[in-house]
Amino acid sequence: MGRIWMSQMVDAIADLGRLYFERPSNENPLEAAHRLCADLLSEHGEASGTALAREVVELYGGLERDDRIAFLDMLNNDFACDTDGLGDAIARYSSDASQDAYLALCRAVEAPRQELLHRINAAPNGTAAIVEMRALLLETLKDQPDFATLDADFGHLFASWFNRGFLQFERIDWRTPAATLEKLIKYEAVHEIRGWTDLRRRLADDRRCFAFFHPALIDEPLIFVEVALVQGLAARIEPVLDAPPPEADGEAPDTAVFYSISNCQAGLAGISFGNLLIKQVVDALNAELPEIRNFVTLSPIPGFHGWVDELMVDTPSDFLDDEERAMLADANWSEDPAIRDRLEKPLMRLCAEFLTNPLDDGPPRDTVARFHLGNGASVERLNWGADLSPKGLAQSAGIMVNYRYDPDKIVANHEAYVGEGRIAISSSVRALASARR
């Protein structure tokens, strides 16, 4: 109830604030946007400032895509930092490293658009609008490379607004409001939820779903984790997704399998919600189900197939003989069961190499690996033929990986990975990664 009451109060303040400024009719939307943003940066009381911020949010929401990109271009150019003023501040600090010179430099280096976004954020639905702005910015960044500094400002603000201290951890079940359940179907990015019947199965008694929310984004999950309670480590995804409800007198589960983890907000891509989020899920399951002894994922390896293709073009590999290289030269090799069977051993070795041996002492090549290792997991086991869907074959030739979350080692693994770049690896995966012909 608290979140709803606060949004109603902000709306009421904005309604009162509309009395303190005029809205010209028949004004070009982009000209209106520029005027409103410039006005919002000037001095205003709480009510009129909130009302102006809401005007900006509503105006942006009514723009077509091309005009929204023009709005971002306006933020990028018209509300950037003053380069002359920044140069003067740098020169002053270089000659006089006093506290006043330092503070002046800090003020000069911050683009006015950062304060503008702060003020827009105070509007009803302001946070959601700003997250949508960055989602569009990321879509256009390749074609608009000069948006990189604008994106850096968004990222700087989001790192503060969405740090772990603000996140709310909640279990999702069939009694959760329908508005939130609909978002699970919409945002599931790993294994499609095929309608309400499929969703109900994923929220059954032998399943768990946990989500992280932000108080400014009502009913909008930021990330959610789907869990299956099973016997033993899962080696294939299809039995997990399609398993019927367990019988009442069946074996009690001893393993929690995190089979899907979906980031929900495109505008928050690359923004860390803090490491050890999965530890919170493990702790919640431990408290509720002390009989669960194993906490593992069954994870995709989205970059593996592409890396193998690059390896074929760029680098001779001592993992592969001439016959295997010839098979891999076929663009459709992963779709042929006979070829996949013939390539099982070398591809499993390559996959272990891909996951556990970063290049140039950098992070692992795989984004999913970076997420789980940063959260304190270890690379436990590779599973051949684990996902034979078209997506699974295209991503990783059907291979999936179990990452293990050992409650007694999560923090130590996290610290070793973050502090030293050291990856926790099981003996079986280590043996695969070190194998050569």
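See the structure above.
Numbers given for residues are sequential positions, taken from 1 along each chain in its written order. Predicted model: local features are reported for residues with pLDDT of at least 70 only, side-chain atom pairs are reported and counted for 80 or more only, and whole-chain, interface and lining totals are derived from all residues. Side-chain measures here rest on the full set of heavy atoms in the structure, leaving out hydrogens and waters.

Just to check I follow, could you spell out the overall build of the chain for this structure?
Working definition: helices are DSSP H or I runs of at least four residues, strands are E runs of at least two. Numbering for both runs from the N terminus. Counting its secondary structure elements, the chain contains 21 helices and seven strands. With the C-alpha coordinates of the chain rotated into their principal frame, the extents come out at 70 × 55 × 45 Å. Burial status across the chain gives 48% buried among its 437 residues. Every residue pair with non-hydrogen atoms within 4.5 Å of one another is taken to be in contact. Long-range pairs, those at least 24 residues apart, make up 73% of the contacts in the chain with a sequence separation of at least 6. What sets the accessible areas is the Shrake-Rupley method with a 1.4 Å probe; for residues, cover comes only from the shown protein chains. In the structure as shown, the chain presents an accessible area of about 21,600 Å², 51% of it carried by carbon and sulfur atoms. This count recognises Lys and Arg as positive and Asp and Glu as negative, with His and chain-terminal groups excluded. Working definition for charges: the position is that of NZ of Lys, CZ of Arg, CG of Asp or CD of Glu. Averaging the locations of the 42 positively and 71 negatively charged side chains of the chain gives two centres separated by 5 Å. Whether a residue is buried, partly exposed or exposed follows from its accessible area with a 1.4 Å probe, protein chains only, as a fraction of its type maximum: under 20%, in between, or over 50%, in that order.

Can you walk me through the nonpolar core in this structure?
Generally speaking, nonpolar side chains in soluble globular proteins are found buried as a group. Judged by nonpolar contacts, the single largest core of 95 residues is most densely connected at Phe71, Phe258, Phe304 and Leu347. Looking at this core element by element, the count peaks at seven residues for helix α17 (residues 344-356). Those residues within four positions of Phe71 in sequence are excluded, and the remaining contacts are Leu30, Ala33, Cys37, Val56, Tyr60, Leu63 and Met133. Membership of the second largest hydrophobic core comes to 12 residues, among which are Leu181, Ile193, Cys209 and Ala211. Nonpolar cores are built from buried Ala, Val, Leu, Ile, Met, Phe, Trp, Tyr and Cys residues. Side-chain atoms within 4.5 Å join them into one set.

Looking at this model, I keep getting lost on a nonpolar patch on the surface. Mind explaining?
Patch definition: residues above 30% relative accessible area lacking any salt bridge, with like charges linked at up to 9 Å and the nonpolar side chains Val, Leu, Ile, Met, Phe, Trp and Tyr linked at up to 5 Å. When a carboxyl oxygen of Asp or Glu lies within 4 Å of a side-chain nitrogen of Lys or Arg, that pair is called a salt bridge. There is a patch of nonpolar side chains on the surface, built from Tyr93, Tyr102 and Leu103 and spanning about 270 Å² of accessible area. Positionally, Tyr93 belongs in helix α5 (residues 83-95).

Can you walk me through the environment of Arg54 in this structure?
Relative to the helices and strands, Arg54 is located in helix α3 (residues 46-61). When its relative accessible area of 7% is taken as the criterion, Arg54 is described as buried. Counting along the chain gives 115 residues from Arg54 to Phe169, while the straight-line C-alpha distance between them is 29 Å.

Hey, could you run me through α5 in this one?
Turn by turn, an α-helix covers 3.6 residues, leaving residues three or four places apart pointing in a common direction. Each residue after the first adds 1.5 Å to the expected span of a helix. An ideal rise of 1.5 Å per residue puts 18 Å on 13 residues; α5 measures up with 18 Å between its terminal C-alpha atoms. In the analysis that follows, any N or O atom pair within 3.5 Å is treated as a polar contact, provided that within protein one partner can donate a hydrogen and the other can accept it, and provided that, for residues neighboring in sequence, both atoms belong to side chains. The opening residue of α5 is Asp82, an N-cap whose side-chain oxygen sits 3.1 Å from the backbone nitrogen of Asp84.

Where do I start with the packing of helix α2 (residues 29-41) against helix α4 (residues 65-78) in this structure?
Packed helices, taken two at a time, are described by the angle their axes make and the gap between the axes. As a packed pair, α2 and α4 sit with axes 10 Å apart at the nearest point and diverge in direction by 35°. Remark: the crossing between α2 and α4 carries right-handed chirality. Here α2 contributes Leu30, Ala33, His34 and Cys37 to the contact with α4, which in turn contributes Asp67, Ala70, Phe71, Met74 and Asp78. A fitted line through C-alpha atoms serves as each axis, taken over the contacting stretch for helices, and the angle formed by two N-to-C directions is quoted from 0 to 180°. It is the rotation of the near helix from the far one that decides the hand of a crossing: anticlockwise by less than a right angle makes it left-handed, clockwise makes it right-handed.

For this particular structure, what's the right way to read the packing of aromatic side chains?
Here the distance between the centres and the angle between the planes together describe a pair of aromatic rings. Pairing of aromatic rings covers Phe, Tyr and the six-membered ring of Trp, with a centre-to-centre limit of 6.5 Å; geometry is then stacked below 30 degrees between planes, edge-to-face above 60, and tilted otherwise. Overall, the coordinates contain 12 aromatic pairs when judged by the stated rule. Centroid distance Phe169 to Phe210: 5.4 Å. Interplanar angle 10°. Geometry classified as stacked. Highlighted residues: Phe169 in strand β1 (residues 168-172) and Phe210 in strand β2 (residues 207-213), separated in sequence by 41 residues. Among the residues examined, Phe210 registers a relative accessible area of 4% and is labelled buried. With centroids separated by 5.3 Å and ring planes inclined at 40°, the aromatic side chains of Trp307 and Phe354 adopt a geometry described as tilted. Here the residue Trp307 occupies a position in helix α14 (residues 304-314), and Phe354 occupies one in helix α17, the gap between them amounting to 47 residues. Assessed through its relative accessible area of 13%, Trp307 is described here as buried. We classify Phe354 as buried; its relative accessible area is 3%. Cluster of aromatic residues (ring-pair linked, three or more members): Phe154, Phe158, Trp161 and Phe162.

I would appreciate a short explanation of a negative patch on the surface in the present structure.
Taken together, the side chains of Asp330, Glu335, Asp336, Asp341 and Glu344 make up a negatively charged region of the molecular surface. Checked against the element boundaries, Asp330 lands in the loop between α15 (322-328) and α16 (337-342).

What should I look at first to understand unusual backbone geometry in this one?
It is generally the case that most residues other than glycine have a negative phi and that most peptide bonds are trans. One non-glycine residue with positive phi stands out, namely Asp219, at about 65°. Relative to the assigned elements, Asp219 resides in the loop between β2 and β3 (221-230). Judged by relative accessible area, which is 25%, Asp219 ranks as partly exposed.

Explain the pairing of strand β6 (residues 378-383) here, please?
Successive residues of a regular strand alternate their side chains across the two faces of the sheet. Across the six residues of β6, five count as buried, placing the element largely inside the fold. A pair of strands is considered paired only if DSSP assigns at least 2 bridges between the two. The sheet contact formed by β6 and strand β7 (residues 400-404) spans five bridges and is antiparallel. By the bridge assignment for β7, Leu382 is matched with Val401.

Help me out: how do you make sense of the side chain of His414 in this one?
Among the secondary structure elements, His414 is positioned in helix α20 (residues 410-420). Of the polar contacts made by the side chain of His414, one reaches the backbone oxygen of Gly374; its length is 2.8 Å. Those residues in contact with His414, other than ones at most four positions away along the chain, are Asn275, Leu276, Leu373, Gly374 and Gly376.

What exactly am I supposed to notice about the packing of helix α7 (residues 112-120) against helix α9 (residues 148-161) here?
The N-to-C vectors of α7 and α9 enclose an angle of 45°; their axes lie 10 Å apart at closest approach. One finds that α7 runs oblique with respect to α9. When the axes of α7 and α9 are compared, the crossing they make is right-handed. Here Arg113, Gln114, Leu117 and His118 of α7 come into contact with α9, specifically with Thr149, Leu150, Asp153, Phe154, His156, Leu157 and Trp161. Every angle not falling under 35 degrees, over 145, or within 65 to 115 is termed oblique; those three ranges are roughly parallel, roughly antiparallel and roughly perpendicular.

What is the right way to look at the side chain of Asn383 in this model?
For Asn383, the location among the structural elements is in strand β6. In this structure the side chain of Asn383 is engaged in a polar contact, spanning 2.9 Å, whose partner is the side chain of Arg381. Looking at Asn383, its side chain comes within polar contact range of the side chain of Asn402, at 2.9 Å. Asn383 has contacts with Ala234, Ala235, Leu298, Met348, Gly398, Ile399, Met400, Val401 and Asn402, leaving out every residue within four places of it along the chain.

Explain the pattern of salt bridges here, please?
Note on pairing: side chains with opposite charge can pair once their charged atoms come close. Taken as a whole, this structure holds 24 salt bridges when the rule is applied. Measuring nitrogen to oxygen at the nearest pair gives 2.8 Å for the salt bridge that ties Arg134 to Asp151. Taken together, the positions of Arg134 in helix α8 (residues 126-140) and Asp151 in helix α9 put the pair 17 residues apart, joining distant regions of the chain. By relative accessible area, which is 15% here, Asp151 ends up buried.

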